[in-house]
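Reading the structure
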Amino acid sequence: MRHLLDTRTLSRDEALRILDVAEDMADTQQREVKKLPTLRGKTVVNLFFEDSTRTRISFEAAAKRLSADVINFSAKGSSVSKGESLQDTAQTLQALGADAVVIRHGASGAPRTLATSGWISAGVVNAGDGTHEHPTQALLDAFTMRKRRYGADSRGRDLAGVRVTIVGDVLHSRVARSNVWLLDALGADVTLVAPPTLVPQDVSAWPVRVRYDLDEAIAGGLDVLMMLRIQAERMNAAYFPTEREYSRRWGLDSGRLAALGPGSIVMHPGPMNRGLEISADAADSPRSTVLDQVTNGVSVRMAVLYLLLAGNDARDEKEDAR
Ligand code: NCD
């Protein structure tokens, strides 16, 4: 794997390979010494032009547990705020010897620009670009769903037949987009539930069913209920009358939580707006996988960095030996 820019172009087999390597990584994280020597001597740069807590520290933990050197570069307080271009920043990273660049950017497509520009030779991982994609989030979500369903027996399995309902601000959500493509590749059955104003216009071309009524969607039966954050920072207009009205119609509260069938789980990528899209008791209930998602995120990002930085070497070595 050279880069990870999206899930839209990821095949079922490529996705399963990442998820299976993530299982191996998760096993190593049960040991007393969590650190592996695998990426010793490699440099991973976290290049964050947009705020992030969990994604950035998750990539940092993943790189460190593989013994890579990590450089955190956040655009605030850097020369980017003085108007330095992506090109100049990238060329600086190249001169520093970056082997992988993990980039989060407000502009959809920035990671692809970086990967295809010729400015750098490093592998590029998209850690969220505008409203476009957030592939490692979808991979950790799929990992979490697979683990809840198949436990220790997860390897090699896809998500065929799993009914996933994604609720809320789909319009602004790169998490929803990456999940839709990945879940489709893995054979899951995806329903989106949102106010009509928060459904993207091109949704008719997506492999999903769209509904507007959350109670009907829950009554119809589901295995995974994924709540999305209302992305107030990306909203330039009023997409719903009031927060109270939004919560009442599209929020997960105790009543809706109680209506979920046995075995179904509640997911949220974080950060949560408690009391808006999800109530505190739903967020903290035993059905909630929010903290599992965070833990699994480290294993999935370890797998991605490994496949980007060591996977190719391992294959080249095998090829050389032949
Ligand atoms: C998501 C993001 O930044 O796209 N968060 C995350 O990566 N944990 C989702 C969100 O901000 O709503």
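Residues numbered from 1 in each chain as written. Predicted model: local features only at pLDDT ≥ 70, side-chain atom pairs only at ≥ 80, totals over all residues. Heavy atoms only, no water.

1. Observations regarding the pattern of salt bridges
This is how the line gets drawn: Salt bridges are identified by distance alone: a Lys or Arg side-chain nitrogen within 4 Å of an Asp or Glu carboxyl oxygen. Here a strand is any run of E in DSSP of at least two residues, a helix any run of H or I of at least four, and the numbering for each starts at the N terminus. Categorising residues by exposure relies on relative accessible area from a 1.4 Å probe, with only protein chains included: less than 20% of the type maximum marks a residue as buried, more than 50% marks it as exposed, and the intermediate range marks it as partly exposed.
A full pass over the atoms with the stated rule returns 22 salt bridges. Where Glu245 meets Arg248, a salt bridge forms, and the shortest distance between an N and an O atom there is 3.2 Å. With Glu245 and Arg248 both in helix H8 (residues 243–250), this residue pair falls 3 residues apart, about one helical turn. In this structure Arg248 comes out as exposed when scored by relative accessible area, which is 53%. For the salt bridge of Arg274 with Asp284, the shortest nitrogen-to-oxygen distance reads 3.0 Å. Pair noted here: Arg274 is in the loop between strand S9 (265–267) and helix H10 (280–283) and Asp284 is in the loop between H10 and helix H11 (290–321), with a separation of 10 residues, a long-range link. Owing to a relative accessible area of 52%, Asp284 belongs among the exposed residues under this scheme. The network of salt bridges with common partners includes Asp20, Glu23, Arg146 and Lys147.

2. A look at the environment of Leu47
Defined as follows: Contacts are residue-level and defined by heavy atoms, with any inter-residue pair within 4.5 Å sufficient.
In this structure, Leu47 sits in strand S1 (residues 43–48). Among the residues examined, Leu47 registers a relative accessible area of 1% and is labelled buried. Sequence-wise, Leu47 and Asn72 are 25 residues apart; in three dimensions their C-alpha atoms are separated by 6.5 Å. The contacts of Leu47, once residues within four sequence positions are left out, are Phe73, Thr89, Leu93, Val101, Val102, Ile103, Arg104 and Leu114.

3. Digging into the packing of aromatic side chains
What counts, and what does not: Aromatic contacts are taken between Phe, Tyr and Trp rings whose centres are within 6.5 Å, Trp giving its six-membered ring; a plane angle under 30 degrees counts as stacked, one over 60 as edge-to-face, and the others as tilted. Only when the NZ of Lys or the CZ of Arg is both within 6 Å of the ring centre and within 35 degrees of the ring normal is a charge said to sit over the ring.
Evaluation of the coordinates by the stated rule reveals 3 aromatic pairs. For the pair Phe240 and Tyr246, a centre-to-centre distance of 4.8 Å together with 45° between the ring planes defines the contact as tilted. Accessibility assignment for this pair places Phe240 and Tyr246 in one class, buried. By way of ring pairs, the aromatic residues Phe240, Tyr246 and Trp250 are connected into one cluster. One cation-aromatic arrangement involves Arg8 over Trp181; the distance from NZ or CZ to the ring centre is 4.0 Å.

4. So, the side chain of Gln137
Among the structural elements, Gln137 can be located in helix H5 (residues 135–150). The exposure class of Gln137 is buried, given its relative accessible area of 5%. Sequence-distant contacts of Gln137, that is, excluding residues within four places in its chain, are made with Val175, Pro269, Gln293 and Arg301.

5. Observations regarding the packing of H5 against helix H6 (residues 174–185)
The line we're drawing: With axes taken as lines fitted to C-alpha atoms, and helix axes fitted only over the stretch in contact, angles between N-to-C directions fall between 0 and 180 degrees. Working definition: roughly parallel below 35 degrees, roughly antiparallel above 145 degrees, roughly perpendicular at 65 to 115 degrees, and oblique for all remaining angles. Crossing handedness is defined as follows: a turn of the near helix away from the far one that is anticlockwise and smaller than a right angle gives a left-handed crossing, while the clockwise case is right-handed. Three categories are distinguished: nonpolar for Ala, Val, Leu, Ile, Met, Phe, Trp, Tyr, Cys and Pro, charged for Asp, Glu, Lys and Arg, and polar for the others, with Gly belonging to the last.
Two numbers describe how H5 lies on H6: the axes approach to 8 Å, and their chain directions differ by 55°. Taken together, the axes of H5 and H6 are oblique relative to one another. When the axes of H5 and H6 are compared, the crossing they make is right-handed. The residues of H6 that touch H5, namely those facing Pro135, Gln137, Ala138, Leu139, Asp141, Ala142 and Met145, are Val175, Ser178, Asn179, Leu182 and Leu183. Split by residue class, the contact of H5 with H6 holds 8 nonpolar, 3 polar and 1 charged.

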